[in-house]
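The chain contents come next:
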Amino acid sequence: MKILVCVKQVPDTNEVKIDPVKGTLIRDGVPSILNPDDANALEAALAIKDSNPEAKVVVLTMGPPQANVMLRECLAMGADEAYLLSDRAFGGADTCATSTTIAAGIKKIGDVDIILAGRQAIDGDTAQVGPQVAQRLGLPVVTYVQDIQLKDDKVVVQRQMEDGYEVLEVQMPCLLTAVKELNEPRYMSIYGIVDAYKKEIPMWNHEDVALDPKDCGLKASPTQVFRSFTPPPKGKGEMLKGSVKEMASGLVSRLEEKHVI
Ligand SMILES: Cc1cc2nc3c(=O)[nH]c(=O)nc-3n(C[C@H](O)[C@H](O)[C@H](O)COP(=O)(O)OP(=O)(O)OC[C@H]3O[C@@H](n4cnc5c(N)ncnc54)[C@H](O)[C@@H]3O)c2cc1C
């Protein structure tokens, strides 16, 4: 059994601050991390491997050469193989072009039974790449997965909903996107770290995954970021005055004005 996990290196958005004077994002010194939902996806794959020792866990990313560091972390957590899709032709990709490239990488790796991705990346924040990869590969997809059980050639999953969950059975090969409630990702082990630095990480360009440059990156992106800006800070808070009754009715009328209630 082969389980492939799509992993993305992202800036730790908890560390990104806004310059109070210029109103711009302060990116200096912001560490790059494994996208949190992807850590849950990888943990799910490793847990399957724990109980099925013949299973192989492969991680794949599209990104700049420095995404290697994150791939080594995944190897140190217990992944068996890692692949990096890196090429100038892949740059400036929106989710459509990103998923084309990732799907091409998965096709080259081949024979995958389960593909896991995070529900969402904390930088792009679209939650589109997982389902798009499934669509390009012609595979069934279940998003928001909070529990995974294997049953013969099927996977039984719980799909998180706003007010509960659905239990779905899906035929392998399939793609699942993970939410943080799925598990608690493990730490890298010392032996894992040592082994991770012995492993070779193949780096593939557009030719390696049989993609024409016009089918990847900015050229194949139907959307373009036209403008990006820091949202204006929220206005000052307002203290309501008067008796408890007056303050309560003042609060209600402000909530009504803003169509909150
Ligand atoms: C309109 C638009 C224009 C953009 N233009 C640019 C641009 O010019 N330059 C630029 O650098 N970026 C650009 N981006 C960002 C880029 O499209 C996204 O970083 C990328 O497509 C992934 O989308 P996401 O971050 O929303 O991931 P999501 O869809 O939220 O990610 C879901 C899951 O998919 C998997 N995944 C996502 N990305 C990768 C990856 N690269 N490798 C492996 N797995 C992955 C992970 O498992 C992740 O948890 C643009 C985004 C948009 C919406």
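Residues numbered from 1 in each chain as written. Predicted model: local features only at pLDDT ≥ 70, side-chain atom pairs only at ≥ 80, totals over all residues. Heavy atoms only, no water.

**Some words on the overall build of the protein**
Threshold: Only runs of H or I of at least four residues qualify as helices and only runs of E of at least two qualify as strands under DSSP, and these elements are numbered from the N terminus. For every residue, the accessible area obtained with a 1.4 Å probe (protein chains only) is divided by the maximum for its type, and the residue is called buried under 20%, exposed over 50%, and partly exposed between those limits. Note on contacts: a residue pair is in contact if any heavy atoms of the two residues lie within 4.5 Å. In short, Shrake-Rupley with a 1.4 Å probe defines the accessible areas, and a residue's cover is counted only from the protein chains shown.
If you tally the helices and strands in the protein, you get six helices and 13 strands. Overall size of the protein, expressed as C-alpha extent along the three principal axes, is 70 × 40 × 40 Å. Classification of the 261 residues of the protein by burial places 39% in the buried group. For the protein, contacts bridging at least 24 residues in sequence account for 70% of all contacts bridging at least 6. Of the accessible surface of the protein, which amounts to about 15,500 Å², a share of 54% is contributed by carbon and sulfur atoms.

**Some points on the UniProt feature "domain: Electron transfer flavoprotein alpha/beta-subunit N-terminal" (unreviewed entry) in the protein**
Put simply, the rule reads: UniProt positions are given in the numbering used here, feature names are shortened, and annotations may be inferred rather than shown by experiment.
Per the UniProt entry, the sites bearing "domain: Electron transfer flavoprotein alpha/beta-subunit N-terminal" (unreviewed entry) are residues 22–213 in this numbering. As annotated, residues 22–213 has a helix share of 30% and a strand share of 29%, and its two end C-alpha atoms lie 38 Å apart.

**What to know about the packing of helix 3 (residues 95–109) against helix 4 (residues 129–137)**
Our working definition: Axis definition: a line fitted to C-alpha atoms, over the contacting stretch in the case of helices. Angles run 0 to 180 degrees between N-to-C directions. By the definition adopted for this analysis, an angle is roughly parallel if under 35 degrees, roughly antiparallel if over 145, roughly perpendicular if from 65 to 115, and oblique otherwise. By convention, the crossing between two helices is left-handed when the near helix turns anticlockwise from the far helix through less than a right angle, and right-handed when the turn is clockwise. In the scheme used here, Gly and all other residues not listed as nonpolar or charged are polar, with Ala, Val, Leu, Ile, Met, Phe, Trp, Tyr, Cys and Pro taken as nonpolar and Asp, Glu, Lys and Arg as charged.
Viewed as axis vectors pointing N to C, helix 3 and helix 4 meet at an angle of 55°, and their least axial separation amounts to 8 Å. On the basis of the axis angle, helix 3 is oblique to helix 4. The handedness of the crossing between helix 3 and helix 4 comes out as right-handed. Between helix 3 and helix 4, the residues in contact are T95, C96, T98, S99, T100, I102, A103, I106 and K107 and V129, Q132, V133, R136 and L137, respectively. Taken together, the residues that form the contact of helix 3 with helix 4 break down as seven nonpolar, five polar and two charged.

**Points about helix 3**
Rules: A helix's residues, less one, multiplied by 1.5 Å, set its expected span. Polar contact is the term for a pair of N or O atoms within 3.5 Å; when the atoms are in protein, one must be able to donate a hydrogen and the other to accept it, and sequence-neighboring residues count only if both atoms are side-chain atoms.
In this model helix 3 runs 21 Å from its N-terminal to its C-terminal C-alpha over 15 residues, within 8% of the 21 Å that 1.5 Å per residue would give. Burial analysis of helix 3 places eleven of its 15 residues in the buried class, which makes it a mostly covered element. Buried residues of helix 3: T95, A97, T98, S99, T101, I102, A103, A104, G105, I106 and I109, and no others. Of the surrounding elements, those touching the buried residues of helix 3 are strand 1 (2–6), strand 6 (56–62), strand 7 (81–85), strand 8 (114–118), helix 4 and strand 13 (203–204). For helix 3, the capping residue at the N-terminal end is D94, with a side-chain oxygen 3.1 Å from the backbone nitrogen of C96. Backbone geometry just downstream of helix 3 places G110 in the positive-phi region, at approximately 70°.

**A closer look at the site of the ligand**
Note the threshold: We call a residue near a molecule or strand when any one of its heavy atoms sits within 4 Å of it.
Surrounding the ligand, one finds 28 residues, the nearest of these being K8, D38, A93, A121 and T126. Among the residues forming the shell around the ligand, the class breakdown is eleven nonpolar, eleven polar and six charged.

**Quick look at the sheet that holds strand 6**
The condition is simple: What makes two strands pair is DSSP finding at least two bridges between them.
Here we have nine strands laid out as an open sheet, ordered 11-10-9-12-8-1-6-7-13, and mixed in their pairing. Because the sheet does not close on itself, it has two edges, and the strands there are strand 11 (164–171) and strand 13. Relative to strand 12 (residues 174–178), strand 9 (residues 141–151) is paired through three bridges, and the arrangement is parallel. Across the sheet, residue V142 finds its bridge partner in strand 12, namely L176. Sitting on the sheet, helix 2 (residues 68–77) touches strand 6 and strand 7, and the angle it makes with strand 7 is about 165°. The sheet strands contacting helix 3 are strand 1, strand 6, strand 7, strand 8 and strand 13, and the helix crosses strand 6 at an angle near 145°.

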